[in-house]
Amino acid sequence: PLRSGSIRLEGKDMSHATARQFKDAGVSYVPADRHGVATVGEMSLSQNSVLRRYREEEFGKGFFMNFTAAVQYAKRLIDEYNILTPGHGTPVRNLSGGNLQKVILAREMTTEHKLLVIVSATRGLDVGATEFIRDTLNEHRQKGAAIVLISEDLEELLSLSDRIAVLFHGEIMGILDANEAKIETLGLMMAGQKLSALKQENA
């Protein structure tokens, strides 16, 4: 529950919004837990690909789902995001971590949105999948997309971010431009030192 402050999207108060209201307002979300939160392991790739869109007329109406449209959509995502899978009917629990993350990212990025929130984008992935996902996020960012990347991987943050905000026990220690940020400074801020105090020490 919100204790103080507010959450706003384009000026609209979203402080007490539900997950569906966030989705309808244009927020896409890639959680850290790929298996427990982001996907349903027993369901196929095509079914998982429309988890955010099954209410749309293109994919379903009421209790009925247009599986043909879902399969076509999944095939497009497989091609565009280079997802290695035996087929669109494969249960996502059988995919590698990198390909599962591609499915989730593809689903969220191809859904119309104003903001993408992504947590631990490449944690536990191999080099190839990591490079692909970072390149995809960079392309999205260069097109003007708003992305909030939440990560403890400093290399990832420095390579993908425009600005970096460091949190310690829920409090912002400071905000830095990524091209000016140093790993040592970020480390001290992650340990609880405020940026303003560090600047005074170095003045």
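Further up the page is the structure itself.
Keep in mind that what you see is a predicted model, and the values were worked out from it rather than measured. (Residues numbered from 1 in each chain as written. Predicted model: local features only at pLDDT ≥ 70, side-chain atom pairs only at ≥ 80, totals over all residues. Heavy atoms only, no water.)

**Section: the sheet that holds strand β7 (residues 146–150)**
Stage number 1. Spatially, three strands are ordered β3-β6-β7 in an open sheet, and the strand pairing comes out parallel. Strands with a single pairing partner mark the edges of an open sheet, and in this sheet they are β3 (27–30) and β7. Averaged over all pairs of adjacent strands, the angle between strand axes in this sheet comes to 15°, irrespective of strand direction.
Stage number 2. Where strand β6 (residues 115–119) meets β7, five bridges bridge the pair, whose relative direction is parallel. Counterpart to Val117 in the pairing with β7 is Val148.
Stage number 3. Its contacts with the sheet place helix α5 (residues 97–109) against β3 and β6, and it is angled at close to 175° to β3. (Pairing = 2+ DSSP bridges. Helix = DSSP H or I, 4+ residues; strand = E, 2+ residues; numbered from the N terminus. Axes fitted to C-alpha atoms, helices over the stretch in contact; angles between N-to-C directions. Contact = heavy atoms within 4.5 Å.)

**Quick notes on the nonpolar core**
Stage number 1. Membership of the largest hydrophobic core comes to 42 residues, with the highest contact counts inside it found for Leu45, Leu105, Ile118, Leu137, Ile164, Leu186 and Met189.
Stage number 2. Excluding anything up to four places from it in sequence, Leu137 contacts Leu105, Leu116, Ile118, Ala121, Ile147 and Leu160.
Stage number 3. Counting residues in hydrophobic clusters, the runner-up holds six residues, among them Leu9, Met14, Ala25 and Val27. (Core = buried A, V, L, I, M, F, W, Y, C linked by side-chain atoms within 4.5 Å. Buried < 20%, exposed > 50% of the residue type's maximum accessible area, 1.4 Å probe, protein only.)

**Focus: the packing of aromatic side chains**
Stage number 1. Within this structure, the stated rule accounts for two aromatic pairs.
Stage number 2. For the pair Tyr81 and Phe132, a centre-to-centre distance of 6.4 Å together with 70° between the ring planes defines the contact as edge-to-face. Pair noted here: Tyr81 is in the loop between α4 (67–80) and α5 and Phe132 is in helix α6 (residues 127–142), with a separation of 51 residues, a long-range link.
Stage number 3. With a relative accessible area of 22%, Phe132 lands in the partly exposed category.
Stage number 4. Against the face of Phe132 rests Lys102, its NZ or CZ located 4.6 Å from the ring centre. (Phe/Tyr/Trp six-rings, centres within 6.5 Å; stacked < 30°, edge-to-face > 60°. Lys NZ or Arg CZ within 6 Å of the ring centre and 35° of its normal.)

**Observations regarding the layout of surface pockets**
Stage number 1. Approximately 1,300 Å³ is the volume attributed to the largest pocket.
Stage number 2. Val148, Leu149, Ile150, Arg163 and Ala165 are, among the 40 residues lining the largest pocket, the residues nearest its centre.
Stage number 3. Among the elements of the structure, β1 (8–9), β6, α6, β7, α7 (154–160), β8 (163–168), β9 (171–177) and α8 (183–190) are those that each provide at least two residues to the lining of the largest pocket.
Stage number 4. For the lining of the largest pocket, the per-class residue count stands at 26 nonpolar, six polar and eight charged.
Stage number 5. Counted as a void, the second largest pocket has a volume near 480 Å³. (1 Å grid on protein atoms, 1.4 Å probe; cavity = no way out; pocket = protein on both sides within 12 Å on 5 of 7 lines; lining within 4 Å. Points joined across faces, edges and corners; volume = space filled by probe spheres on them. Nonpolar A, V, L, I, M, F, W, Y, C, P; charged D, E, K, R; others polar.)

**Digging into unusual backbone geometry**
Stage number 1. Even without a glycine there, the phi angle at Asn82 is positive, about 50°.
Stage number 2. Its place among the elements puts Asn82 in the loop between α4 and α5.
Stage number 3. Positioned with a positive phi, His169 is a non-glycine residue whose angle comes to about 50°.
Stage number 4. The topology assignment puts His169 in the loop between β8 and β9.
Stage number 5. Overall, His169 belongs to the exposed group, its relative accessible area being 76%.

**Brief notes about α5**
Stage number 1. Here α5 contains 13 residues, and its C-alpha end-to-end distance of 18 Å stays within 8% of the 18 Å for a straight helix at 1.5 Å per residue.
Stage number 2. Summarising burial for α5: 12 of the 13 residues are buried, a large majority.
Stage number 3. Among the residues of α5, Gly98, Asn99, Leu100, Gln101, Lys102, Val103, Ile104, Leu105, Ala106, Arg107, Glu108 and Met109 are the ones counted as buried.
Stage number 4. In this fold, the buried residues of α5 make contact with β3, α2 (34–38), α3 (45–49), α4, β6 and α6. (Expected span 1.5 Å × (residues − 1).)

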